[in-house]
Structures are given as structure tokens and as C-alpha cells.
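Take a look at the letters that make up each chain.
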Amino acid sequence: QVQLVESGGGLVQAGGSLRLSCVASKRTSSSYIMGWFRQAPGKEREFVASIRWSEGNIYYADSLKDRITISRDNAKSAVYLQVNSLKPEDTAVYYCAATYYIGPRYSESGYWPYWGQGTQVTVSS
């Protein structure tokens, strides 16, 4: 069982930046994919980015790829999400997730069995 703990959320003005962190409770297998999702009020959870522990393969949501960067620190079992040029529509709970699934449906939350508790990001206009 993998436990994930996010941090780094908060209230930010539009145009600002945030760096979210996710730490795994134990050293995860190098086969794990780590990811970030977000869920705004009244909306479905949506894929943001993912990275594989071992090879470092990265995928971004097309709508966000110009403003986000995902990175990892294997030694710390940590994954980070940098979000720049924040907009009010970025307001959401951001979740860290982990999966072994490698396939075309990686952006679907149902393929990610492990989740953190989420961290709130609020962007004011």
C-alpha cells in the first residue's frame, strides 16, 4: 500500500506560481507512474501530468502543458508539480496519485489506485 501526502497548496493571485509536492510513504517500485490530477467544484477529476519513477517519461495535459512542469526526486520519493501563470480557473483540489498502469487510458482517474488526500489551490483574480 502506497500512501501519498501532498503539500504546497494555498491562495495565490492570478499570474503567480505554485510548487506542489507529493511524498510517498515508502520507497515505491521503479515501475510506478506518479501523477497529478485536479478537481474543481462541480467538475470531474482531470489529469494534469505524470512521470515514471524509473525512465522519467513525462506526459502533460494538452491544455496545461505550457504552464506546468512535473519533476521527481527519487531519493526523497517525492514528485513535484510547478504551475505558472496561474488563472482563477486553476482553482481546484490537486491530488497526487500512483499507478502501475501503462496504457492509452493513463489520463483516466480510474486507472490510478493510490491517491493522496489532496491540497487546495485557490487562485484569486
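Residues numbered from 1 in each chain as written. Predicted model: local features only at pLDDT ≥ 70, side-chain atom pairs only at ≥ 80, totals over all residues. Heavy atoms only, no water.

Describing the confidence of the model for the protein
So, step 1. Residues of the protein with pLDDT of at least 70 account for 96%, and the chain-wide mean is 93.
So, step 2. Strand E10 (residues 114-115) is the least confidently modelled element of the protein, averaging 94 in pLDDT, while strand E11 (residues 119-124) averages 98, the highest of any element. (pLDDT = per-residue confidence, 0-100. Helix = DSSP H or I, 4+ residues; strand = E, 2+ residues; numbered from the N terminus.)

Examining the nonpolar core
So, step 1. One finds Leu-4, Met-34, Trp-36 and Leu-81 to be the most contacted residues of the largest nonpolar core, which totals 35 residues.
So, step 2. Mapped by element, the contributors of at least two residues to this core are strand E3 (18-24), strand E4 (33-39), strand E5 (46-52), strand E7 (68-73), strand E8 (78-83), strand E9 (92-99) and E11.
So, step 3. No other element matches the five residues that E9 contributes to this core. (Core = buried A, V, L, I, M, F, W, Y, C linked by side-chain atoms within 4.5 Å. Buried < 20%, exposed > 50% of the residue type's maximum accessible area, 1.4 Å probe, protein only.)

What about the packing of aromatic side chains?
So, step 1. The final tally for this structure, using the stated rule, is nine aromatic pairs.
So, step 2. Judged by centre distance (4.3 Å) and plane angle (25 degrees), the ring pair of Tyr-32 and Tyr-100 falls under stacked. Of this pair, Tyr-32 sits in the loop between E3 and E4 while Tyr-100 sits in the loop between E9 and E10, and the two are 68 residues apart along the sequence.
So, step 3. With a relative accessible area of 5%, Tyr-32 lands in the buried category. (Phe/Tyr/Trp six-rings, centres within 6.5 Å; stacked < 30°, edge-to-face > 60°.)

Description of the state of the cysteines
So, step 1. A complete count under the given rule lists one disulfide for this structure.
So, step 2. Linked covalently through their sulfurs, Cys-22 and Cys-96 form a disulfide whose S-S length is 2.0 Å. Since a negative S-S torsion denotes a left-handed disulfide, the Cys-22-Cys-96 link at about -75 degrees is left-handed. Of this pair, Cys-22 sits in strand E3 while Cys-96 sits in strand E9, and the two are 74 residues apart along the sequence.
So, step 3. Residue Cys-22 is classed as buried on the basis of its relative accessible area of 0%. (Disulfide = S-S within 2.5 Å.)

Brief notes about the pairing of strand E1 (residues 4-7)
Each regular strand shows side chains that alternate between the opposite faces of the sheet.
So, step 1. Alternating positions in E1 separate cleanly, Leu-4 and Glu-6 being buried on one face and Val-5 and Ser-7 remaining unburied on the opposite face.
So, step 2. Bridge analysis of E1 against E3 gives four bridges, and the strand direction is antiparallel. Directly across from Ser-7, in E3, lies its bridge partner Ser-21. (Pairing = 2+ DSSP bridges.)

Observations regarding the pairing of E8
So, step 1. Burial within E8 is extensive, with five of its six residues counted as buried.
So, step 2. Sheet topology note: the E3/E8 ladder contains six bridges and is antiparallel. From the neighbouring strand, Leu-20 faces E8, where its bridge partner is Leu-81.
So, step 3. Of the strand pairs in this sheet, E7 and E8 are connected by six bridges, and their pairing is antiparallel. The partner of Arg-72 across the bridge, within E8, is Val-79.
So, step 4. Connecting E7 to the next strand, E8, in antiparallel fashion are four residues, including Ser-77 with a positive phi near 50 degrees.

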